[in-house]
Amino acid sequence: MNGTNHPSELESLRLQVADLTRALAEREQSMQAQRHHFEDMVRELREQSNLLRTIIVVTAAETGDQFFASLATHLTATLPVQYAVIGEVCDDRLKTIRTLAVAAGGALVDNFEYDLARQPCATALTQGFAYFDRDVQVMFPQFQRLADLGAESYCGAALRAKDGAVIGLLAVMDTNPLHHGDDVKSLLSVFAPRVAMELERRRTAQEHAEALADLQNVIETVPDVMFTLDLKGNLVKWNRRLGDVTGYSPEELLNKPALAFVPLEEQIRTAAAIQRAFVEGYAELDGQMLTKDHRTIPYHWTGA
């Protein structure tokens, strides 16, 4: 190394050091930015997890209409959405929705019924999912309710029965564009199966109640005395004819032992016939029916 080149080599070395320092600084900044981004992602995931856990815990013990109402109100209270709607399809042709719970700003509002033609819910039901992060009124101008609500964004998921049939809808709307659409879609996809299960349970309960009502109507048309016993031999259901014949009120008949309607000397024989009906499925008996005022009436009893 000679004296002439020495200054230029030092300058070159300084420049290399400066470039390396700058590169290291840029790399550190990039790593910090990535770390901040990762921390933000972790924080968002944690917030979403906490949000999901909160809603699940609050609604876990509820069923039926209470569950629908609780879920709708908590969705609007915890998500960045103004409205939440849970509805059931009124027929198999996907033409009408009847709401079961509607929440606005964390509070329940009145239910309503609406046609599915030319509106975002129809898209959700036919495609399984619908997401419009903005301008939903512009896209569906004929659905006046969107304008009435001031809705700007929409996200909805179809509710399916075990056999795959579409039976309802879970949807949220907001008056602003949705900026966390993926989070909202994820939450709806988590809750949709539970809502569908409750909706199926509700329909089964309604069908059961209707069947019982139909059976009661049939029983009331029969001119004979008819009643149902539990396994202990107590009355749980009867027609009006039993009260007319025996003189007991409905309050007095509820859970009354069947043996209270026969004289003491016939109770062993009657109890055996009731047991035979439970065990073998059928029994008949001729005897005396004892009324409230201790009169006896001849009767033929058939148990099945």
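Quick notes on the rules
Residues numbered from 1 in each chain as written. Predicted model: local features only at pLDDT ≥ 70, side-chain atom pairs only at ≥ 80, totals over all residues. Heavy atoms only, no water. Pairing = 2+ DSSP bridges. Helix = DSSP H or I, 4+ residues; strand = E, 2+ residues; numbered from the N terminus. Core = buried A, V, L, I, M, F, W, Y, C linked by side-chain atoms within 4.5 Å. Buried < 20%, exposed > 50% of the residue type's maximum accessible area, 1.4 Å probe, protein only. Contact = heavy atoms within 4.5 Å. Axes fitted to C-alpha atoms, helices over the stretch in contact; angles between N-to-C directions. Parallel < 35°, antiparallel > 145°, perpendicular 65-115°, else oblique. Left-handed = near helix turned anticlockwise from the far one by under 90°. Nonpolar A, V, L, I, M, F, W, Y, C, P; charged D, E, K, R; others polar. Phe/Tyr/Trp six-rings, centres within 6.5 Å; stacked < 30°, edge-to-face > 60°. Lys NZ or Arg CZ within 6 Å of the ring centre and 35° of its normal. Lys, Arg positive; Asp, Glu negative; His and termini not counted. Salt bridge = Lys/Arg side-chain N within 4 Å of Asp/Glu carboxyl O.

J.: How should the pairing of strand E9 (residues 235-238) be read in this particular structure?
T.: Successive residues of a regular strand alternate their side chains across the two faces of the sheet. Of the strand pairs in this sheet, strand E8 (residues 227-229) and E9 are connected by three bridges, and their pairing is antiparallel. Bridge assignment links Phe227 to a residue of E9, and that residue is Trp238. Where E8 folds back onto E9 in an antiparallel hairpin, the turn is made up of five residues, including Gly233, whose phi is positive at roughly 85 degrees.

J.: For this particular structure, what's the right way to read the nonpolar core?
T.: One finds Phe68, Leu159, Leu170, Val172 and Val195 to be the most contacted residues of the largest nonpolar core, which totals 28 residues. Within the residue set of this core, elements represented by two or more residues are helix H2 (64-78), strand E1 (83-89), strand E2 (96-104), strand E6 (153-160), strand E7 (166-174) and helix H6 (181-221). Ignoring anything within four residues of it in the chain, the contact list for Phe68 reads Ile86, Leu100, Ala101, Val195, Glu198, Leu199 and Arg202.

J.: For this particular structure, what's the right way to read the packing of H2 against H6?
T.: If you want to describe how two helices pack, look at the angle between their axes and the distance between the axes. H6 packs onto H2 with a crossing angle of 150 degrees between their chain directions and a minimal axis gap of 9 Å. Between H2 and H6, the interaxial angle falls into the category roughly antiparallel. You can see that H2 and H6 cross each other, and the crossing is left-handed. Two secondary-structure elements touch here, H2 through Gly64, Asp65, Phe67, Phe68 and Leu71 and H6 through Phe191, Arg194, Val195, Glu198, Leu199 and Arg202. In the contact of H2 with H6, the residues fall into six nonpolar, one polar and four charged.

J.: Just checking my understanding: could you explain the packing of aromatic side chains for this structure?
T.: Geometrically, a pair of aromatic rings is defined through the distance of the ring centres and the angle of the planes. Tallying each qualifying case throughout the model produces six aromatic pairs. Note on Phe112 and Tyr114: the rings are 5.6 Å apart at their centroids and 45 degrees apart in plane angle, and the pair reads as tilted. For Tyr114, a relative accessible area of 8% puts it in the buried group. Directly above the ring of Phe112 sits Arg145, whose terminal nitrogen or CZ lies 3.8 Å from the centroid. Lying across the ring of Phe67, Arg194 places its NZ or CZ 4.0 Å from the centre.

J.: Help me understand the environment of Gly168, please; the structure alone is not making it clear to me.
T.: Counting through the fold element by element, Gly168 comes out in strand E7. Measuring from C-alpha to C-alpha, the distance between Gly168 and Arg98 comes to 8.8 Å, with 70 residues separating the pair along the chain. Not counting residues within four places of it along the chain, the set of residues in contact with Gly168 comprises Gly87, Glu88, Val89, Leu125, Ala157, Ala158, Leu159 and Leu199.

J.: Would you explain the environment of Glu198 in this entry?
T.: By secondary structure assignment, the location of Glu198 is in helix H6. Apart from the residues within four sequence positions on either side, Glu198 is in contact with Glu62, Thr63, Gly64, Phe67 and Phe68.

J.: Honestly, the pairing of strand E5 (residues 129-132) in this entry has me stumped. Any pointers?
T.: Burial along E5 is one-sided: Ala130 and Phe132 are buried, and none of Phe129 and Tyr131, which face the opposite way, are. The pairing of E5 with E6 spans four bridges and is antiparallel. Residue Tyr131 lies in a different strand from E6, and its bridge partner there is Cys155.

J.: Please clarify how the side chain of Lys256 should be interpreted in this entry.
T.: Inspection of the secondary structure puts Lys256 in the loop between helix H8 (250-253) and helix H9 (267-280). For the buried Lys256, which has no salt bridge, the nearest side chain bearing the opposite charge is Glu252, at an N-O separation of 7.1 Å. Contact partners of Lys256, with chain neighbours within four places excluded, come to Gly233, Asn234, Leu235, Tyr248 and Phe261.

J.: Explanation requested: the pattern of salt bridges in the structure shown.
T.: Note on pairing: side chains with opposite charge can pair once their charged atoms come close. Summed over all chains, the structure comprises 13 salt bridges. For the salt bridge of Arg202 with Asp65, the shortest nitrogen-to-oxygen distance reads 3.0 Å. Of this pair, Arg202 sits in helix H6 while Asp65 sits in helix H2, placing them 137 residues apart in sequence. With a shortest N-O distance of 3.8 Å, Glu220 and Arg240 are connected by a salt bridge. Residue Glu220 is located in helix H6, and its partner Arg240 is located in helix H7 (residues 240-246); the two are separated by 20 residues in the primary sequence.

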